[in-house]
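# Structural features, examined
Okay, here's what each chain looks like letter by letter:
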Amino acid sequence: MKFRPARQRAVLHRLTGTCLLVCLFLPAMAHALNQLTEEDTMSIIARDLGIRLAIPADWFAEEATHADRIYMASPQMGYRSSIALSLERLESPTPEAFEKLITGVPDALASRHPDLKILRQQKFMQDNMPAWFIRYQWSHDSVPHSFEQVTALIVTNLDHGSVVQVDGSTIAPLAQEYMPLFADIVNSIEGLGGNEQRDFPPPGYRTHFSYHTHASLALPVEWDPQEESGSHAIYREDIEDREEEIQRPGVLAVHLTRLAQADGSEPQKLLEQTRRISRAEQAVLSESRTTVDGRDATTITLRYRDTEHDLDLFLHQTAFLAGSMLYSLTMVAEEARKDELLPEMTRALQSLRVIPFDDSMIAHSEGVPFQTIFDERLMLSLIIPTPWTGQWDGEKLLRFYGPPQPDFDDYRPTISFQAIPVEGFGYDWLEEVIATLGRDMEEEYNQYTLVLENRFLTEDLDPAHLRRYQWVDEESGLGFSQFQVLLIANSHMYIINGATLTELERQFIPTLMDIFQSLRVIPRSD
């Protein structure tokens, strides 16, 4: 992570917050603190940041282009004071990395604001976690008053290197009024809490799906959809915060060709066509075979010279068949970044799934240890181990069963999926559902034991809550280990329940969690 005075890109990472209460970081204004009463504030649960905080009730949430969230006051003297919040990740999850980060902030600010005046900066420990703030002034020729700002960096989970960046901004004539408010807001921040046993979807990535290609894949959050039409989708890298080092952003094109009949040679022929295109100083760097979504695939990597822009580029193309559909994924970027971006391409290929709305897209290669499942009623895509089988329990509950366990009377672990419409839900309502289900479990399950709870964002950036627990059946004396996930997406609350015998926990809980983590909610078409 590097400090960005004006963030060009909002980077979302999943956060399991460690509870914290930021100390009063502006001692000189202590007499003005706590001026907000409960009636003056509204409580915000920012699940994308893993925190809750209180802000003035008459402030407004606005669309954020340089942060994850921004709240703004009413205009005064032609200016709207604001507080911006962003979640970032340290280069490595260590106190040394945090120290390196804050050491570079003053220089980063000075390079942006030549007349920078630092008023105060201070490090402190909060809940055994490092934190730091800096308060400063700067001016701009187009504005009659100088700006006064405060930036706080708060480590919320050192294991993950998660840092919340808080930026409060006002103008000097309003500083006496707003700096105490900023202090109150920062002082109200606390982590949502919870601990975790497994790592959920890799931070820094999000899932994209296009109805033009029927392909779902995970890309770094710096990549956005640029164009979708016909049978292709194009994704482009946002390089605004790296413009000094990158001349041309990376581009990934996903293309679908519908064939009347496929004989298996089409992927190789497509790559041969790519090789034959005339390009300056072209050279093939590598050719290989791989697997994409359980299907055999062919890849080629080559370099060439873009004479128009005087750049050396690399091209990486992968092609495979999904039934009678020919897919190609083509990435083009600066050759100097090949070692940086080829792993991202590999990960995108590993994450790609063909969502088979059309039966002709279902065929997989032989002998794969898993199957990709898509259910159009629930709009869910899942990766299920091959020995597992699924069936509907009624019209709304889809359940998968693991292989029978002969040593346990042929018991089969299960995982089920259900979707309930929740138009117009609010987070308060979700919190009430979470709490109610927890109370019901305590009352209904014999020897109920809560193992862990966790709130997080999925790779689709949907809010979710995990509860893992154990209980004992009174009649048989058998112990069960289970988890339940509540997930809000597509205007539905998805309820996912995984269960196994406690004696089989080490064998099947990881498998059940893998199935859950493979879940992707496919957006409904407009």
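Details of the structure are given in the entry above.
Rules used throughout
Sequence order sets the numbering: in each chain, residues are counted from 1 along the sequence as written. Local features in this predicted model are restricted to residues of pLDDT 70 or higher, and side-chain atom pairs are both shown and tallied only at a pLDDT of 80 or more, whereas totals for entire chains, interfaces and linings draw on every residue. Processing note: side-chain calculations cover all non-hydrogen atoms of the structure and skip hydrogens and water entirely. Two strands are said to pair when DSSP picks up at least two bridges between them. Each helix corresponds to a stretch of at least 4 residues labelled H or I by DSSP, and each strand to a stretch of at least 2 residues labelled E; elements are numbered beginning at the N terminus. Helices are assigned an expected span. That span is 1.5 Å times one less than the residue count. Buried means the residue's accessible area, taken with a 1.4 Å probe over protein chains only, is under 20% of the maximum for its type, while exposed means over 50%, and partly exposed covers the values in between. To qualify as a nonpolar core, a set must consist of buried Ala, Val, Leu, Ile, Met, Phe, Trp, Tyr and Cys residues joined through side-chain atoms within 4.5 Å. Residues count as neighbours in contact if any of their non-hydrogen atoms are within 4.5 Å of one another. Pairs were defined over the aromatic rings of Phe, Tyr and Trp, the Trp ring being its six-membered one, requiring ring centres within 6.5 Å. Orientation was assigned from the angle between planes: stacked under 30 degrees, edge-to-face over 60, tilted for the rest. Comment: the charge-over-ring label is applied if NZ (Lys) or CZ (Arg) is within 6 Å of the ring centre and within 35 degrees of the ring normal.

Time to look at the sheet that holds strand β30 (residues 520–521). Reading across from one edge, β21-β22-β30 is the order of the three strands in this open sheet, with antiparallel pairing throughout. With partners counted over all chains shown, the strands left at the sheet margins are β21 (370–375) and β30, one partner each. Here two bridges tie strand β22 (residues 380–385) to β30, and the two strands are oriented antiparallel to one another. Within the sheet, the bridge partner assigned to Leu-380 lies in β30 and is Val-521.

On to helix α2 (residues 175–188), then. Here α2 spans 19 Å end to end across 14 residues, near enough to the 20 Å set by a 1.5 Å rise per residue. The buried count for α2 comes to 10 of 14 residues, which makes it a mostly enclosed element. Residues of α2 that are buried include every one of Ala-175, Tyr-178, Met-179, Pro-180, Leu-181, Phe-182, Ala-183, Asp-184, Ile-185 and Val-186, and no others.

Let us now look at the nonpolar core. Ranked by internal contacts, the top residues of the largest apolar core, which has 47 residues, are Ile-51, Leu-53, Trp-59, Leu-85, Phe-98, Leu-153 and Val-166. Counting only elements with at least two residues in this core, the list comes to β1 (41–46), β2 (51–56), β5 (82–89), α1 (95–112), β7 (129–138), β8 (147–157), β9 (162–171) and α2. Sorting elements by how many residues they give to this core places α2 first, with seven residues. Not counting chain neighbours up to four residues away, the residues in contact with Leu-85 comprise Leu-49, Ile-51, Leu-53, Ala-67, Asp-68, Arg-69, Tyr-71, Gln-165, Val-166 and Ile-189. In terms of nonpolar packing, the next biggest core, distinct from the first, is built from 41 residues, Phe-209, Ile-384, Leu-466 and Trp-471 among them.

Below, the discussion takes up the packing of aromatic side chains. Tallied over the entire structure, the rule returns 15 aromatic pairs. When the ring of Tyr-448 is compared with that of Tyr-469, the centres are 5.5 Å apart and the planes differ by 35°; the resulting orientation is tilted. Placement of the pair is Tyr-448 in the loop between α5 (427–444) and β26 (449–457) and Tyr-469 in strand β27 (residues 463–472), with a sequence separation of 21 residues. Through a chain of ring-to-ring contacts, three or more aromatic side chains come together here, namely Tyr-411, Tyr-445, Tyr-448, Tyr-469, Trp-471 and Phe-480. Geometry around Tyr-304 places Arg-279 over its ring, the cationic atom sitting 5.3 Å from the centre. Arg-377 extends its terminal NZ or CZ atom over the ring of Trp-392, reaching a point 3.8 Å from the ring centre.

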